[in-house]
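Observations on chain architecture
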There are 2 protein chains.
Amino acid sequence: MTEELSIVAENKCFGGWHKRYTHRSTALNCAMTFAVFLPPDAAEGAPVPAVYWLSGLTCTEENFMQKAGAMRVAADLGLALVAPDTSPRGDDVPDDPAGGWDFGKGAGFYVDATEAPWSRHYRMHDYVVNELPALVERHFPVTGGRAISGHSMGGHGALVCALRNPGRYVSVSAFAPIANPSAVPWGEKALGHLLGADRARWREWDASALLAEAREHLPTLIDQGDRDTFLETQLRPEVLKHAAEAAGYPVTLRMQPGYDHSYYFIATFIEDHLRHHAKALGAAG
Amino acid sequence: MTEELSIVAENKCFGGWHKRYTHRSTALNCAMTFAVFLPPDAAEGAPVPAVYWLSGLTCTEENFMQKAGAMRVAADLGLALVAPDTSPRGDDVPDDPAGGWDFGKGAGFYVDATEAPWSRHYRMHDYVVNELPALVERHFPVTGGRAISGHSMGGHGALVCALRNPGRYVSVSAFAPIANPSAVPWGEKALGHLLGADRARWREWDASALLAEAREHLPTLIDQGDRDTFLETQLRPEVLKHAAEAAGYPVTLRMQPGYDHSYYFIATFIEDHLRHHAKALGAAG
């Protein structure tokens, strides 16, 4: 490994390797940590495609790797998993002036900020779409085959990354995404800070708005628990569903009875999502 | 649910339910929290057997449920999972006078203390073997079929619970157990406090010593990573293996190349352990 990356931890898991690295991000102007899982094939040097995972509010690069049970399936399917942190980090990085957990550090919202003081660091979209994949593809035995998924704020991030960047991903999925961020409290707070007061600009980062104009239609799987306490106030998958139906966009939205917003919900259905991505990526299976 | 138990959290997971409860423990003289997973069968009221899981140093009842990926397999096999906390808790409970993480709260060592001030609360063996199963079997649709497993300090606990209580469990397993606690630093520290200075009494709580005199021989599966940093100083599975060979006790010890002491190691092999227990418990599969 070159000096561009410093390893933080490594653990053998399901015959492959879970590893965490730090590096200096130029997009975010700070040190960042990310996690990667390399399945047995890749650990032996054979290139594999990658599924990028974007976590939700308050998470880091660790939650998904520890709690989702994804590595068993990724090892079986021959998929790499890449999980970034959820915001820029460090003492220089501004945080929520209100001291909340729903915006700022741990809650970067996966957009590229245009407003001071946020625009110097809060460029998570650029980081996730450009800098991180280039870094990963330079250092690890992964192909340029990319899929993207995420949870809650990260479900919003995954959908927006795919919708804004035709040709960059072959499939997308989400668990309980913030599907219409420009019209819910979490999104209004974050986008108001990061993009300014003009709500018209928020729609450029809202999956339900972007779907209507999408040139590329990717296979899209969304799972949503019907006992998720954030369903009606913050998530609003039905807005996305109606937009998809109007645009003829192939979104499969599954309402899962009894499930909540937790990683127990994600763990239950992650295998379906990874198989959805493996099919699009042409992974071994 | 009666007033004996108070629910803390519940999450649907793999068609079953993960739940956490608090209750007043008479064995431990304090309030305790435990976690249970009820597979789909049990959630519908059909009694199922239970696998008890004992976690390691610094853990609570949450680590195993969040990180081991066990619920997928337990749902499939029709097994309940029960995970207690790792020590008595609360302001009244004495803690390590040296301020360490390897003894005291979060590190009760699954023995019944005989020495002051520990003996008033540190009776985790009695709690795990008697009070908790009685409570679980009174309140949930579980049969009296019991198996036991654990990790590190909890692997020691699982082996000792099984070896000291013939007829109580049908199978036992462990990940990286402290296999010879009376002869390693973690065990010397804890047993010295809890049982006093007489080392002869420590051997009554040492799996490698208990094996030699066991009347009942249970199917026993042990996994141990060969890159576990605690292997030679604290764990010593080879002492247990030699004792088992001398006693004709059926212990399967698998050295797993490249694996460390983490939950990534446990997640990799938990399915084998639950299938080992399901077979002994006569669970559906």
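Each residue is numbered by its place in its chain's sequence as written, counting from 1. To read the labels, note that chains go from A and ligands from 1, taken in the order they are written. Totals for whole chains, interfaces and linings use all residues, but because this is a predicted model, local features are given only for residues with pLDDT of at least 70 and pairs of side-chain atoms are given and counted only at 80 or more. With hydrogens and water stripped out, all remaining heavy atoms of the structure feed into the side-chain values.

**Topic: the pattern of salt bridges**
Here is the rule: We define a salt bridge as a contact between a side-chain nitrogen of Lys or Arg and a carboxyl oxygen of Asp or Glu at a distance within 4 Å. Only DSSP runs of H or I with at least four residues qualify as helices, and only runs of E with at least two residues qualify as strands; both kinds are numbered from the N terminus onward. Residue burial is assigned from relative accessible area. The probe radius is 1.4 Å, only protein chains are included, and a residue is buried under 20% of its type maximum, exposed over 50%, and partly exposed in between.
Under the definition given, this model contains 32 salt bridges over all chains. R275(A) is the salt-bridge partner of E271(A), the closest N and O atoms lying 3.0 Å from each other. Here R275(A) and E271(A) lie together in helix α11 (residues 263-281), a separation of four residues that amounts to about one turn. Taking relative accessible area as the criterion, E271(A) reaches 25% and is therefore assigned partly exposed. A salt bridge links E271(B) to R72(B), with the shortest nitrogen-to-oxygen separation between them at 2.9 Å. Of the two residues, E271(B) sits in helix α11 (residues 263-281) while R72(B) sits in helix α3 (residues 70-77), which places them 199 residues apart along the sequence.

**Side note on helix α5 (residues 153-164) of chain A**
Residues and elements named next belong to chain A. For clarity, the cut-off: In a helix, the anticipated span is given by 1.5 Å times the number of residues less one.
Along its twelve residues, α5 runs 16 Å from first to last C-alpha, staying within 8% of the 16 Å computed at 1.5 Å per residue. Taking burial as the measure, the twelve residues of α5 include eleven buried ones, the bulk of the element. Taken residue by residue, α5 has M153, G154, G155, H156, G157, A158, L159, V160, C161, A162 and L163 as its buried positions.

**Details of the sheet that holds strand β8 (residues 220-225) of chain B**
Applicable threshold: Between any two strands, at least two bridges found by DSSP are needed for them to pair. Every axis in this analysis is a line fitted to C-alpha atoms, fitted for helices over the stretch in contact. Angles between the N-to-C directions lie between 0 and 180 degrees. Here, two residues are considered to be in contact whenever any of their heavy atoms come within 4.5 Å of each other.
Spatial strand order, β1-β2-β3-β5-β4-β6-β7-β8-β9 (chain B): nine strands in an open sheet with mixed pairing. Both outer strands of the open sheet, β1 (6-13) and β9 (251-256) of chain B, are each paired with one neighbouring strand and no more. Sheet twist, expressed as the mean angle between neighbouring strand axes with direction ignored, is 20 degrees. The sheet contact formed by β1(B) and strand β2 (residues 16-25) of chain B spans seven bridges and is antiparallel. Following the sheet pairing, C13(B) is matched in β2(B) by G16(B). Strands in contact with α11(A) are β1 and β2 of chain B; relative to β1(B), the strand with the most contacts, it is inclined by about 25 degrees. Where α11(B) meets the sheet, it contacts β4 (48-54), β5 (80-84), β6 (142-150), β7 (171-175), β8 and β9 of chain B, and its direction lies at approximately 175 degrees from that of β7(B).

**Quick word on the relation of the copies chain B and chain A**
Between the two copies of the chain lies a rotation about an axis combined with a shift along it. Rules: To line up the copies, we fit them by least squares on C-alpha atoms, keeping just the residues with pLDDT of at least 70 in both.
When chain B is brought onto chain A, the operation consists of a screw motion whose angular component is 180 degrees and whose axial shift is 0.0 Å, with 0.0 Å RMSD remaining. The symmetry that links the two subunits is that of a two-fold axis. In this assembly the copies share their binding face: 100% of the residues contributing to the interface of chain B also contribute to that of chain A.

**Structural notes on the confidence of the model for chain A**
The condition that has to hold: Known as pLDDT, the predictor's confidence for each residue is given on a scale from 0 to 100.
Predicted confidence across chain A gives a mean pLDDT of 96, with 99% of residues reaching 70 or more. In the predicted complex, the global pTM is 0.96; the interface-specific ipTM is 0.95.

**Section: the packing of helix α3 (residues 70-77) of chain A against α11(A)**
Residues and elements named next belong to chain A. To be explicit about the condition: Each angle is binned into one of four classes, with values under 35 degrees roughly parallel, values over 145 roughly antiparallel, values of 65 to 115 roughly perpendicular, and all other values oblique. Working rule for handedness: look at the near helix, and if it is turned counterclockwise from the far one by less than a right angle, call the crossing left-handed; if clockwise, right-handed. Gly is put with the polar residues, along with every residue not named as nonpolar or charged; the nonpolar set is Ala, Val, Leu, Ile, Met, Phe, Trp, Tyr, Cys and Pro, and the charged set is Asp, Glu, Lys and Arg.
Between α3 and α11, the least distance of the axes is 9 Å, while the angle of their chain directions is 30 degrees. One way to sum up the angle between α3 and α11 is to call them roughly parallel. Considering the relative orientation of α3 and α11, their crossing is right-handed. Here A70, R72, V73, A74, D76 and L77 of α3 come into contact with α11, specifically with I270, E271, L274, R275 and A278. The class makeup of the residues in the contact of α3 with α11 is seven nonpolar, no polar and four charged.

**Considerations on the sheet that holds strand β3 (residues 30-38) of chain A**
Residues and elements named next belong to chain A. If you trace the nine strands from one edge of the open sheet to the other, you get β1-β2-β3-β5-β4-β6-β7-β8-β9, paired in mixed fashion. At either end of the open sheet lies a strand with only one pairing partner, and these are β1 (6-13) and β9 (251-256). Direction aside, neighbouring strands of the sheet carry axes that sit 20 degrees apart on average. Packing of α11 onto the sheet brings it into contact with β4 (48-54), β5 (80-84), β6 (142-150), β7 (171-175), β8 (220-225) and β9, and relative to β7 it is tilted by some 175 degrees.

**Re the packing of aromatic side chains**
Which entries qualify depends on this criterion: Each Phe, Tyr or Trp ring (for Trp, its six-membered ring) is paired with any other whose centre lies within 6.5 Å, and the angle between the two planes then decides the class: stacked below 30 degrees, edge-to-face above 60, tilted in between. Only lysine NZ and arginine CZ atoms are considered, and such an atom sits over a ring when it is within 6 Å of the ring centre and within 35 degrees of the ring normal.
A complete count under the given rule lists 26 aromatic pairs over all chains for this structure. Note on W53(B) and F64(B): the rings are 4.2 Å apart at their centroids and 15 degrees apart in plane angle, and the pair reads as stacked. Here W53(B) is found in strand β4, whereas its partner F64(B) is found in helix α2 (residues 62-67), with eleven residues between them in sequence. F64(B) carries the same exposure label as W53(B), and that label is buried. With a centroid separation of 4.7 Å and 50 degrees between ring planes, the pair formed by W186(B) and F230(B) is classed as tilted. Here F230(B) lies in the loop between β8 and α9 (231-235) and W186(B) lies in helix α6 (residues 185-195), a separation of 44 residues in the sequence. When its relative accessible area of 5% is taken as the criterion, W186(B) is described as buried. For F230(B), a relative accessible area of 25% translates into the label partly exposed. The structure contains a cluster of three or more aromatic residues connected by ring pairs, namely W53(A), F64(A), F175(A), Y259(A), F265(A) and F269(A). The ring of W205(B) carries the charged tip of R164(B) above its face, separated from the ring centre by 3.5 Å.

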